[in-house]
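Single-letter residue listing:
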Amino acid sequence: MEITNEINGAYVESLVNAYLNSRDFKRVTASQDQYRYWMRVFCDTEWNGKKVRNLKYNDITAPQAQEIYDILSDRGITFANRITAVVRKIYNYGMKYGHVNNNPWSSIQTETPKPRKVMWQPEDVKAFLTTAYSKFNTRGIGLIAHMAYEWAQRIGDMRMLTWDKIDFENNVLHLEQSKRRAIVHLPISEDLMDVLKQQKEAFDWQSYVAPNVNARNDNGYAPYGLEVVSRVAKKIIIKAGLDPELRLADLRRTATTEMVEAGVGIAQIMQVTGHQSPQSVTPYMKNTLTGATNACTLRSVHMAGGTS
């Protein structure tokens, strides 16, 4: 499709589509699939009896933008904040090319979400994987979760993972993360390697490690969309008898916290997670009995003149 900066229409949907076909969007370093998903949700949101997609983008005022944000925040503050951040970019794009008069989203008041503290227990992970791997149609979701937990990576990167990133000869994953473009090199455990080898026998003729087998395309299979991963994972969680508050996105935080509790140094953790500063790892350093016990034990050994 030819890239232009023309907008065919005066409605929000027209502005969104123009951005998604622009060079500005091509330069996005985060997951472009996420942007598309968030914009679908945004356009389908109803305000004052109309879907946002059918509103004229130059007619939306700051108070109206605030009301739309408040409606989105009912689905989650973090979710609403991410959508709003993209909408701001889209309006700035429109202003840059003279289509938009002002950006009403730049002055709305967003909320600060409470840090999410939900954690998976090892038995939860085992139950989820057992349930997911038991059915062909959910095997891919199980593998996405398995990889995200073992490597402390984001679900988005795991669902988009391709075979060329896995070095089967040396049991290593070479990954460039989509969010910050950090490059990490991660070992593959024996258990996960066994699963990956089985998966490769069945799916190495197409690109994705854990494709959506219900989404065939010209090149084989399409990757799972974010909304599909969330929906199917929720069904697996319920079927496995787990806490419905669990989310696959919690696996990265769980794995990182487990490394902290195990006494792994922050520098080493950053080499796994791809965080660029020690401060970014600080939220994972929660107060737990395990962590406190390890600290007290190490202190006692030191005071006794022993070694750890």
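What to know about the nonpolar core
Residues Trp120, Phe128, Ile141, Met147, Trp151, Leu196 and Leu248 are the most contacted members of the largest nonpolar core, which totals 51 residues. Of the residues forming this core, the biggest block, eight residues, is contributed by helix α7 (residues 139–151). Counting residues in hydrophobic clusters, the runner-up holds 37 residues, among them Val16, Phe25, Tyr35 and Cys43.

Observations concerning unusual backbone geometry
Unusually for a residue other than glycine, Ala152 sits at a positive phi of about 55°. Topologically, Ala152 is positioned in the loop between α7 and α8 (155–159). For Ala152, a relative accessible area of 1% puts it in the buried group. Of note in the backbone geometry, Asn171 takes a positive phi value of approximately 55° without being a glycine.

Here we look at the sheet that holds strand β3 (residues 166–167)
With respect to topology, three strands assemble into an open sheet ordered β3-β4-β5, the strand pairing being antiparallel. Two strands lie at the open edges of the sheet, namely β3 and β5 (183–187), each paired on one side alone. Both strand β4 (residues 172–176) and β5 contribute to a ladder of five bridges, which runs antiparallel. Counted as the bridge partner of His174 is His185 from β5.

Some points on helix α6 (residues 122–133)
One turn of the α-helix equals 3.6 residues, which is why residues spaced by three or four share an orientation. Relative to the 16 Å expected for twelve residues at 1.5 Å per residue, α6 spans 16 Å between its end C-alpha atoms, a close match to the ideal helical length. Buried residues in α6 make contact with α7, α10 (226–239) and α11 (250–261).

What to know about the environment of Ala304
Relative to the helices and strands, Ala304 resides in the segment after α14 (289–303). A relative accessible area of 67% means that Ala304 is categorised as exposed.

Considerations on the side chain of Thr84
For Thr84, the position within the fold is in helix α5 (residues 77–96). Within the structure, Thr84 has its side chain in polar contact with the backbone oxygen of Ala80 (distance 2.8 Å). Those residues within four positions of Thr84 in sequence are excluded, and the remaining contacts are Tyr69, Trp105 and Ile108.

Concerning the side chain of Asp157
Considering the arrangement of structural elements, one finds Asp157 in helix α8. There is no salt bridge for the buried Asp157, and the closest opposite charge comes from Arg154, which lies 4.4 Å off by N-O distance. Ignoring sequence-local partners within four residues, the contact set of Asp157 consists of Leu175, Gln177 and Ser178.

Concerning the confidence of the model for the protein chain
Predicted confidence across the protein chain gives a mean pLDDT of 91, with 94% of residues reaching 70 or more. Within the protein chain, the lowest mean pLDDT, 71, falls on α14, and the highest, 98, falls on α6.

A short note on α5
Between its first and last C-alpha atoms α5 spans 28 Å; for 20 residues at 1.5 Å apiece the expected length is 28 Å, and the two agree. Three or more residues of α5 are buried, namely Phe79, Ala80, Ile83, Thr84, Val86, Val87, Ile90, Tyr91, Tyr93 and Gly94. At its buried positions, α5 is contacted by α1 (12–20), α2 (23–26), α3 (32–44) and α4 (62–73). Remark: Gly98 follows α5 within two positions and exhibits a positive phi of approximately 80°.

Section: the packing of α11 against helix α12 (residues 266–273)
Running from N to C, α11 and α12 cross one another at 155°; their axes reach a closest spacing of 10 Å. One finds that α11 runs roughly antiparallel with respect to α12. Relative to α12, the crossing made by α11 is right-handed. In this structure, α11 uses Arg252, Thr256, Met259 and Val260 to contact α12, whose residues at the interface are Ile269, Val272 and Thr273. Considered class by class, the residues forming the contact of α11 with α12 number four nonpolar, two polar and one charged.

Section: the packing of α1 against α3
Axis separation between α1 and α3 bottoms out at 11 Å; the angle between their running directions is 175°. Put simply, α1 runs roughly antiparallel to α3. Residue-level contacts link Val12, Glu13, Val16, Tyr19 and Leu20 of α1 to Tyr35, Arg36, Met39, Phe42 and Cys43 of α3. Within the contact of α1 with α3, the residues separate by chemical class into eight nonpolar, no polar and two charged.

Description of the packing of aromatic side chains
By the definition in use, this model includes 13 aromatic pairs. Ring plane angle 45° and centroid distance 6.1 Å describe the contact between Phe25 and Tyr35, whose orientation is recorded as tilted. One end of the pair, Phe25, is in helix α2; the other, Tyr35, is in helix α3, and ten residues separate them in sequence. Of the two residues examined, Phe25 and Tyr35, each falls in the buried class. Put simply, the rings of Tyr19, Phe25, Tyr35, Trp38, Tyr93 and Tyr97 touch in pairs and so form one group of aromatic residues.

Basis of the calculations
Residues numbered from 1 in each chain as written. Predicted model: local features only at pLDDT ≥ 70, side-chain atom pairs only at ≥ 80, totals over all residues. Heavy atoms only, no water. Core = buried A, V, L, I, M, F, W, Y, C linked by side-chain atoms within 4.5 Å. Buried < 20%, exposed > 50% of the residue type's maximum accessible area, 1.4 Å probe, protein only. Helix = DSSP H or I, 4+ residues; strand = E, 2+ residues; numbered from the N terminus. Pairing = 2+ DSSP bridges. Expected span 1.5 Å × (residues − 1). Contact = heavy atoms within 4.5 Å. Polar contact = N/O pair within 3.5 Å; in protein donor to acceptor, adjacent residues only side chain to side chain. Lys, Arg positive; Asp, Glu negative; His and termini not counted. Salt bridge = Lys/Arg side-chain N within 4 Å of Asp/Glu carboxyl O. pLDDT = per-residue confidence, 0-100. Axes fitted to C-alpha atoms, helices over the stretch in contact; angles between N-to-C directions. Parallel < 35°, antiparallel > 145°, perpendicular 65-115°, else oblique. Left-handed = near helix turned anticlockwise from the far one by under 90°. Nonpolar A, V, L, I, M, F, W, Y, C, P; charged D, E, K, R; others polar. Phe/Tyr/Trp six-rings, centres within 6.5 Å; stacked < 30°, edge-to-face > 60°.

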